[in-house]
Amino acid sequence: APDAQYDIFMYKIVYETIDPFGNPTEASGIISFPSNINQAFPILSFQHGTVVARDNVSSENGFNGLILWLTSTGYIYIEPDYLGLGVSEMMHPYCLKDSSAWSVIDMIRAGRNFCNDSNLIQLNNQLSLVGYSEGGYATLAAQNMMEQNYPDEFDITISFPMAGPYDLSGTMVDLMLNGQLYGAPYYLPYILLAYIDYYDLGTLEEFFLPEYTELLPILFDGYHSGGEIDGQLPNPPIQILLSELIEEFETDLNHFLRNYLQDNDLINWTPQSLTYLFHALADELIPFENAQIAYDNFISNGSEN
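Criteria and thresholds
Residues numbered from 1 in each chain as written. Predicted model: local features only at pLDDT ≥ 70, side-chain atom pairs only at ≥ 80, totals over all residues. Heavy atoms only, no water. Helix = DSSP H or I, 4+ residues; strand = E, 2+ residues; numbered from the N terminus. Rg over C-alpha atoms; globule rule 2.2 N^0.38 Å. Buried < 20%, exposed > 50% of the residue type's maximum accessible area, 1.4 Å probe, protein only. Contact = heavy atoms within 4.5 Å. Areas by Shrake-Rupley, 256 points an atom, 1.4 Å probe, with all protein chains shown as cover. Lys, Arg positive; Asp, Glu negative; His and termini not counted. Charge placed at Lys NZ, Arg CZ, Asp CG, Glu CD. Patch = residues over 30% accessible without salt bridge, like charges linked within 9 Å, V, L, I, M, F, W, Y side chains within 5 Å. Salt bridge = Lys/Arg side-chain N within 4 Å of Asp/Glu carboxyl O. Phe/Tyr/Trp six-rings, centres within 6.5 Å; stacked < 30°, edge-to-face > 60°. Lys NZ or Arg CZ within 6 Å of the ring centre and 35° of its normal. Pairing = 2+ DSSP bridges.

Our next topic: the overall build of the chain. Helices and strands together make up the secondary structure of the chain, namely 12 helices and six strands. Relative to the globule expectation of 19 Å for 305 residues, the C-alpha radius of gyration of the chain, 20 Å, shows essentially globular dimensions. Counting only C-alpha atoms, the chain reaches 65 × 45 × 40 Å along its principal axes. The proportion of buried residues among the 305 residues of the chain is 55%. Restricting to contacts in the chain with at least 6 residues of sequence separation, those with at least 24 account for 78%. Summing over all exposed atoms, the chain offers an accessible surface of approximately 13600 Å²; the carbon and sulfur share of this is 48%. If the 6 positive side-chain charges of the chain are averaged to one point and the 41 negative ones to another, these points end up 8 Å apart.

Structure, rendered in structure tokens:
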């Protein structure tokens, strides 16, 4: 790693944001910044990948290599925990576009307020968005909301969405329906539990086999890791679903679940900020087609950056 140029501080921040139902709620995250009051530094907001355990976030675990590297080389590093993680005890709104965006946007606002209210650090006008996996999705969701709703408040210097499931209703659906072994079986119930909860789609008995309707709420209580959950699930993960639900979903192109997934796709808009989509060609969990389809659509829609 590059040599550290600055000593650094890190603080946990608890801030107000909006839950998926439009109500105010508390969330948490961290801000880390160089120990130098004579210069003004840029903000870099990093959105982390998928986690299930509520305490498996930086506001609970402290410094890591990424925080140490970026902050000590001159960034104000901000990382939201997301709703349902850290201090937030609700169901994590996994891959819900608006909730993902709000968590990031309000964390950046809280970080700016912290800097402006303290005598420890100076901001400059640069803002970078970076995220991987679920964080890539949250990065693009935040960029979308910033550009469409708050262009006067946020001037994004550069955005790096990496390896996110932007094409939920297409690429990710096809992956889950193909019946092949999957490296993280818990992803499927994670997103379904979030959608059932936040869209009020009914009871778990209407989606999952009986042996999983009582087990899943226990596994996704915020105190189990993804590995622990995977050890209790079949693989391929589609085997946890009712066969009639799978058949209805496969044959009905207007199935309500398809429609909700389409509502949360991030492929049908026109990014304005300088944006670099990164994706590994061999990614088995989130196939690179997510980024390829997003890129092709963005270019087709007229994006030039």
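From this point on, the discussion continues.
On the surface, Glu244, Glu247, Glu248, Glu250 and Asp252 cluster together into a patch of negative charge. Positionally, Asp252 belongs in the loop between α10 (243–251) and α11 (256–263).

Next up on the list: the packing of aromatic side chains. Counted under the stated rule, the structure contains 20 aromatic pairs. Centroid distance Tyr11 to Phe114: 5.0 Å. Interplanar angle 50°. Geometry classified as tilted. With a gap of 103 residues between them, Tyr11 in strand β1 (residues 8–18) and Phe114 in helix α3 (residues 97–117) connect regions that are remote in the sequence. What makes Tyr11 partly exposed here is its relative accessible area of 33%. With centroids separated by 5.9 Å and ring planes inclined at 45°, the aromatic side chains of Phe160 and Phe278 adopt a geometry described as tilted. Residue Phe160 is found in strand β6 (residues 158–162), and its partner Phe278 is found in the loop between α11 and α12 (289–301); the two are separated by 118 residues along the sequence. Every member of this aromatic cluster is reached through a ring pair, and the members are Tyr94, Tyr182, Tyr186, Tyr187, Tyr190 and Phe220. A cation over a ring is seen here: Arg109 above Tyr150, with NZ or CZ 4.8 Å from the ring centre.

We now examine the pairing of strand β3 (residues 40–47). When you tally the buried positions in β3, you get seven out of eight residues, the bulk of the element. Note: β3 against strand β5 (residues 122–132), seven bridges, orientation parallel. Looking at β5, one finds that Ile43 is bridged to Leu127. Of the strand pairs in this sheet, β3 and strand β4 (residues 76–80) are connected by three bridges, and their pairing is parallel. Among the inter-strand pairings, Ile43 is bridged to a residue of β4, identified as Ile76.

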